[in-house]
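Tertiary structure, described
Here's the letter readout for the chains.
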Amino acid sequence: MSGTKRANNDTQSVSNKKGKVSITDFFKTASSPISNKRSISNTTTKNQVGKNEEKENVEPKLGKSSIGTAETNSINSIVKTATSSGTTANNRISTDFDKAKWVNSLTPEQKHLLELEINTMDESWLALLHKELTKTYFLNLKKFLETQWNTNGLTIFPPKQDIYSWTRLTPVDKVRVVVVGQDPYHNFNQAHGLAFSVKDPKTRIPPSLLNIYKCLKIDYPDFEIPKTADLTKWSNQGVLLLNTCLTVKAHNANSHSKKGWEEFTTMAIRKVIEYHNKTANQGIVVIAWGSPAQKTINNIGLNMNKNCFLKSVHPSPLSASRGFFDSKHFKKCNEWLLEHYGSDSLIDWSIVDGTTIKEIHEKKLSAELSIL
């Protein structure tokens, strides 16, 4: 790790054991002391996370729903079983979690309220969070959302099928970086379930994301600033782009805050860190921009000895000039990943098709040549 990184007060990390464990082992050992957990194979010494196609599942048929036929078809069209390196999403899930059995255990009302979670959430995340979904606060949140969706003239972002896109794009065992956002974008053709990202190529880049691009250009001078705002390429590499609130009323920022989403997403972050720290014996990089995001991580109680915590002011034009551009978070993130898990774990932050960041490409290429 560079001297600059060690001197920076907002970055805390130490070496942790290398290795990789499937999420299957997590559920088999989650209730046992770490010392009693199954030993990790020594044959895998790097956190090898390649690009991952969007993870999507469809299960089971629950009959009539408040979701309209057209929207149901839209959801089902993007909710397909996907594979990664020949491994289905189902094979990554612990045998202790039987999705069909869990669904059958739900009451008719719970099945109705949780149809979106059942049909669009990646199974690795569903295995982690299914107990959270049946808690009173979450069911009340879904009742609130149902009322909002069924109110004439009211538009909610993102579209229903995109609310859990972060789970399908970045399954639990692929996460190596967590970027904590706040509220979804609240204008048309913006929010699609990933913090800071806009999928529609015709939509203007939001000011905060434009500042993120500028920061990247400082960290990596050959980074080509895109004309679009879709960060799906980052998600495919294991960067979890998670807002603390997952829905919002059109043109009304923070309109769905304090309804239950914050409790749910805090648990999601806590669970994915717990999986990587306690079972996979891995650390992850957590990036929190702005006080709300940092408060979320502080409430979780991040283990600073095992993970890397990068924090700064928010990239909003209102605050970015107070330290965001000097944070070098993208560089520091890769430095930490390289030190702990080797060049295979590096994030190529480039967005424009056909481009790559030279420094990252050369490190990856050098590692490949050394193996040959």
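On a predicted model such as this, the values are computed, not experimentally measured, just so you know. (Residues numbered from 1 in each chain as written. Predicted model: local features only at pLDDT ≥ 70, side-chain atom pairs only at ≥ 80, totals over all residues. Heavy atoms only, no water.)

**Some details on the packing of helix H11 (residues 207-219) against helix H15 (residues 329-341)**
At a closest axis distance of 8 Å, the pairing of H11 and H15 adopts a crossing angle of 60 degrees. Between H11 and H15, the crossing angle belongs to the class labelled oblique. Residues Ile-212, Cys-215, Leu-216 and Asp-219 of H11 form the contact with H15, whose participating residues are His-329, Phe-330 and Lys-331. (Axes fitted to C-alpha atoms, helices over the stretch in contact; angles between N-to-C directions. Helix = DSSP H or I, 4+ residues; strand = E, 2+ residues; numbered from the N terminus. Parallel < 35°, antiparallel > 145°, perpendicular 65-115°, else oblique. Contact = heavy atoms within 4.5 Å.)

**Quick word on the pattern of salt bridges**
When the charged atoms of two side chains with opposite charge come close together, those side chains can pair. A complete count under the given rule lists seven salt bridges for this structure. Lys-233 is paired through a salt bridge with Asp-353; the nearest N and O atoms lie 2.6 Å apart. Placement of Lys-233 in helix H12 (residues 232-236) and of Asp-353 in the loop between H15 and helix H16 (358-371) is noted, with a sequence separation of 120 residues between them. Overall, Lys-233 belongs to the partly exposed group, its relative accessible area being 23%. Looking at Asp-353, the relative accessible area reads 64%, which means it is exposed. (Salt bridge = Lys/Arg side-chain N within 4 Å of Asp/Glu carboxyl O. Buried < 20%, exposed > 50% of the residue type's maximum accessible area, 1.4 Å probe, protein only.)

**Here's the deal with the layout of surface pockets**
Approximately 520 Å³ is the volume attributed to the largest pocket. Taken together, 31 residues line the largest pocket, and the ones lying closest to its centre are Gln-182, Asp-183, Pro-184, Tyr-185 and His-314. Grouping the amino acids of the lining of the largest pocket by side-chain chemistry returns 15 nonpolar, 14 polar and two charged. (1 Å grid on protein atoms, 1.4 Å probe; cavity = no way out; pocket = protein on both sides within 12 Å on 5 of 7 lines; lining within 4 Å. Points joined across faces, edges and corners; volume = space filled by probe spheres on them. Nonpolar A, V, L, I, M, F, W, Y, C, P; charged D, E, K, R; others polar.)

**Regarding the confidence of the model for the chain**
For the chain, the average pLDDT comes to 81, and 73% of its residues sit at 70 or higher. Counting interchain partners and residues more than four positions distant, the pLDDT-below-50 stretch residues 1-21 has 65 contacts. Segment residues 26-93 is flagged for pLDDT under 50; beyond a separation of four residues in sequence, or across chains, it makes 136 contacts in the model. (pLDDT = per-residue confidence, 0-100.)

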